Amino acid sequence: MKTADPAIQVRGVGVDFGGVRALNGVTFSVEAGRTCGVIGPNGAGKTTLFDVVTGLRRPTAGSVLLHGSDVTATGALGRSRLGVRRTFQRPQVFGRLTVLDNVLAALEWHGGGGGLAGDLLALPARGRRERRRRERALEALDRCGLADLAGAHAADLPIGRRRMVELARAIVDEPSVLLLDEPTSGLDADQSARFAAVVAGLDTTVLLVEHDVGFVMDACERVIVLDLGEVIAEGTPAGIREDPAVRAAYLG
Ligand SMILES: Nc1ncnc2c1ncn2[C@@H]1O[C@H](COP(=O)(O)OP(=O)(O)OP(=O)(O)O)[C@@H](O)[C@H]1O
Ligand SMILES: [Mg+2]
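Novice: Whenever I open this one, the sheet that holds strand E7 (residues 177–181) confuses me. Can you help?
Specialist: Strands pair in a sheet through their backbones, by hydrogen bonds, and they do so in one of two ways: parallel or antiparallel. Ordered in space as E6-E7-E8-E3-E9-E10, the six strands form an open sheet in which the pairing is mixed. Looking at the sheet topology across the chains shown, the edges are occupied by strand E6 (84–87) and strand E10 (230–235). Shown here is a sheet whose adjacent strand axes are inclined to one another by a mean of 15°, direction ignored. Pairing of E6 with E7, which is carried by four bridges, proceeds in the parallel orientation. Residue threonine 87 lies in a different strand from E7, and its bridge partner there is leucine 180.

Novice: Even after reading the chapter, I still don't get the pattern of salt bridges, so can you show me in this structure?
Specialist: Under the counting rule described, the total for this entry stands at eight salt bridges. Close ionic contact of arginine 86 with aspartate 51 constitutes a salt bridge, the shortest N to O distance being 2.7 Å. Of the two residues, arginine 86 is situated in strand E6 and aspartate 51 in helix H1 (residues 46–54); the sequence distance between them amounts to 35 residues. Owing to a relative accessible area of 12%, arginine 86 belongs among the buried residues under this scheme. Relative accessible area serves as the criterion here: at 16%, aspartate 51 is assigned to the buried category. Salt bridges sharing common partners tie together Arg85, Arg136 and Asp173.

Conventions adopted
Residues numbered from 1 in each chain as written. Chains lettered and ligands numbered in written order. Predicted model: local features only at pLDDT ≥ 70, side-chain atom pairs only at ≥ 80, totals over all residues. Heavy atoms only, no water. Pairing = 2+ DSSP bridges. Helix = DSSP H or I, 4+ residues; strand = E, 2+ residues; numbered from the N terminus. Axes fitted to C-alpha atoms, helices over the stretch in contact; angles between N-to-C directions. Salt bridge = Lys/Arg side-chain N within 4 Å of Asp/Glu carboxyl O. Buried < 20%, exposed > 50% of the residue type's maximum accessible area, 1.4 Å probe, protein only.

Interpretation in functional terms is not warranted from these geometric data alone.
In structure tokens, the structure reads:
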């Protein structure tokens, strides 16, 4: 029996920024449905790796496959159509929109249909689709502990809440691959626990950059360690904790 392709395959990826080699020969894969942590010191290349997997940055070398298809030449929009979602190290929300509208915007592709004519004619099918969209958005807000804030402007929220808005937006459309870049920075303990619970409840492949080692140990089945753009260790959280190369990279 043929085993299913991994959800994410990164093969020999390199990224050069002028003289800086941000990534060099990075190779790993993540099985579908698993949560894989990416740890490493500041400047190790973690965010650059996320940019390569999500299609924001073309690698200088190597390739990226999602669910077995080579997407190296596919841009960020094309990959998001394949179900790739992410959150950013500095949360990116639409500050002038309400929390609900931030999440609805992530569902826009499924749109009401019918355009202006649809508005004028108030087509019943369009109304049903619109109601369904709102239900889904509200359900995502509820999961992320934001039900009471649906009408608040995203710009008015503290960073922890903005992170949760980003998460709601990332999960509302049932992503196939979800990348989270330092999601717990700025969250209090309750928010971190909620974030972990939401992620644990997803039937999705997750790649997670995180400095909170406890969070990584709890959330991830596997961990990859980057240092100076290279994978220096890979394994279970417990194995990684004992790895001499990892200790050296972190402790100098
Ligand atoms: N746009 C860019 N132009 C030039 N150099 C860059 C650019 N983005 C990142 N770098 C460099 O690439 C290397 C990797 O950066 P990256 O942001 O991927 O690291 P990181 O592991 O996410 O770090 P942190 O933990 O601080 O978020 C660093 O040396 C950084 O200075
Ligand atoms: Mg980073």
